[in-house]
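# Chains, contacts and geometry: an overview
What follows is the residue order along each chain.
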Amino acid sequence: WHDHPGLNITDTERQLAELGTEARLLVSQAKTGPDRIAALRQFLFEEQGFHGSRGDYRNPANSHLQSVLEDREGIPITLSIVFLEVAKAAGIEHLEGLPLPGHFLVRHAPPGEPARLYDPFNGGIPITFSEADELGTESAGVPIRSEFLEAASPRTILIRMINNLRGFTMERSGIEAALPYSDLLVALAPDARSAAAERVDRARLKSQIGDRDGAAADLRAVLETVPTGPQEARIREALKALENRP
């Protein structure tokens, strides 16, 4: 909506609900949880044609849900959202997003049963925890144990999507075009420390495009709202440099 002010969000929600209604007809015929998910995978990725973007991965459209629903192409997190929302509408329970570094999966974790992972970017195929560990470790550069990762909340999903959009936009159009996403990240931060970290990052970007007053205002806000910590001296030093620069 931020990028497309004329967007009819209700229409996008209706499309997801209609997909869920269609999927329910197939899913309801399956007896077990894995079979129900297999039916959902067939519906979404074979019949409906949803697929991972290979040639134009970093196109911002792949992070806009309405565009993903229109052209059936997306990146891991947006395809996972489609998977999760259609599954919910089709009556499949105990699914959640799994935020791997550099990738995004769906976890099916019914009480009392072994958890299973699915990769919507690659057609919803099942993926083992060992394979997920390798994916996350390769991206993060440190060992990742996917079985211990917390499920992604709606807020963390939004934050991750906006981070993606900021990075993609910065590459295509520069820092100034990407700064509004930093505003969203500050607003969506779940706590004061997270908001302070986003403000420091926004100050860095503002400084790079010559907005010294804006950068200084962000750093002052951080010093006023967050208790002192190990970064305070560096923030004060950066603020002093901005204020003293001619």
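Above this text sits the structure in question.
Residues numbered from 1 in each chain as written. Predicted model: local features only at pLDDT ≥ 70, side-chain atom pairs only at ≥ 80, totals over all residues. Heavy atoms only, no water.

## So, the sheet that holds strand 4 (residues 105-108)
Convention followed: Strand pairing is defined by DSSP finding a minimum of two bridges between the two strands. Working definition: helices are DSSP H or I runs of at least four residues, strands are E runs of at least two. Numbering for both runs from the N terminus. Lines are fitted to the C-alpha atoms to define the axes, a helix being fitted only along its stretch in contact, and any angle between axes, read from their N-to-C directions, falls within 0 to 180 degrees. Working rule for contacts: check all heavy atoms of both residues, and any pair within 4.5 Å makes them a contact.
Taken in spatial order, the four strands line up as 3-4-5-6 in an open sheet, and their pairing is antiparallel. The two strands at the open ends of the sheet, each matched to only one other strand, are strand 3 (95-98) and strand 6 (125-127). Between one strand and the next, the sheet's axes are offset by a mean angle of 40°, whatever the strand orientation. Here four bridges tie strand 3 to strand 4, and the two strands are oriented antiparallel to one another. Each residue of the ladder has a partner; that of L98, found in strand 4, is L105. Across the sheet, helix 2 (residues 33-47) touches strand 3, strand 4, strand 5 (116-119) and strand 6, and the angle it forms with strand 5 is around 5°. Each of strand 4, strand 5 and strand 6 touches helix 5 (residues 129-140); the most contacted strand, strand 6, lies at about 85° to it.

## Brief notes about the environment of F45
Spelled out, the test is: Any residue under 20% of the maximum accessible area for its type is buried, any over 50% is exposed, and the rest in between are partly exposed; the area is computed with a 1.4 Å probe on protein chains only.
You can see F45 is positioned in helix 2. For F45, a relative accessible area of 13% corresponds to the buried category. Sequence-distant contacts of F45, defined by excluding residues within four places in its chain, comprise F50, F83, P120, G123 and G124.

## So, unusual backbone geometry
Notably, R72 is not glycine yet its phi reads approximately 65°, a positive angle. For H94, which is not glycine, the phi torsion reads 65° and is therefore positive. Along the chain, H94 turns up in the loop between helix 4 (76-90) and strand 3.

## Side note on the packing of helix 8 (residues 192-208) against helix 9 (residues 212-225)
Just so we agree on the cut-off: Any angle between 65 and 115 degrees counts as roughly perpendicular, while under 35 counts as roughly parallel, over 145 as roughly antiparallel, and the rest as oblique. Whether a crossing is left-handed or right-handed is set by the direction in which the near helix is turned from the far one by less than a right angle, anticlockwise for left-handed and clockwise for right-handed. For this classification, Asp, Glu, Lys and Arg are treated as charged, while Ala, Val, Leu, Ile, Met, Phe, Trp, Tyr, Cys and Pro are nonpolar and the rest, including Gly, are polar.
Two numbers describe how helix 8 lies on helix 9: the axes approach to 8 Å, and their chain directions differ by 160°. Regarding the angle of helix 8 to helix 9, the classification is roughly antiparallel. Once helix 8 is placed against helix 9, the crossing between them reads as left-handed. Contacts between helix 8 and helix 9 involve A196, R199, V200, R202, A203, K206 and S207 on the former and, on the latter, G214, A215, D218, L219, A221 and V222. Of the residues assigned to the contact of helix 8 with helix 9, the class counts are seven nonpolar, two polar and four charged.

## Some details on the packing of aromatic side chains
Test applied: Think of it this way: a Phe, Tyr or Trp ring, Trp meaning its six-membered ring, pairs with another when their centres are within 6.5 Å, and the plane angle makes it stacked under 30 degrees, edge-to-face over 60, tilted otherwise.
Taken as a whole and judged by the stated rule, the model has two aromatic pairs. The interplanar angle of 25° and the centroid separation of 6.2 Å between the aromatic rings of F45 and F83 together place this pair among those described as stacked. Residue F45 is located in helix 2, and its partner F83 is located in helix 4; the two are separated by 38 residues in the primary sequence. Assigned by exposure class, F45 and F83 land together as buried. Here the aromatic rings of Y57 and F121 are separated by 5.7 Å at their centres, their planes lie at 75°, and the arrangement is edge-to-face. Taken together, the residues Y57 in the loop between strand 1 (51-52) and helix 3 (65-71) and F121 in the loop between strand 5 and strand 6 connect sequence positions 64 residues apart. Assessed through its relative accessible area of 28%, Y57 is described here as partly exposed.

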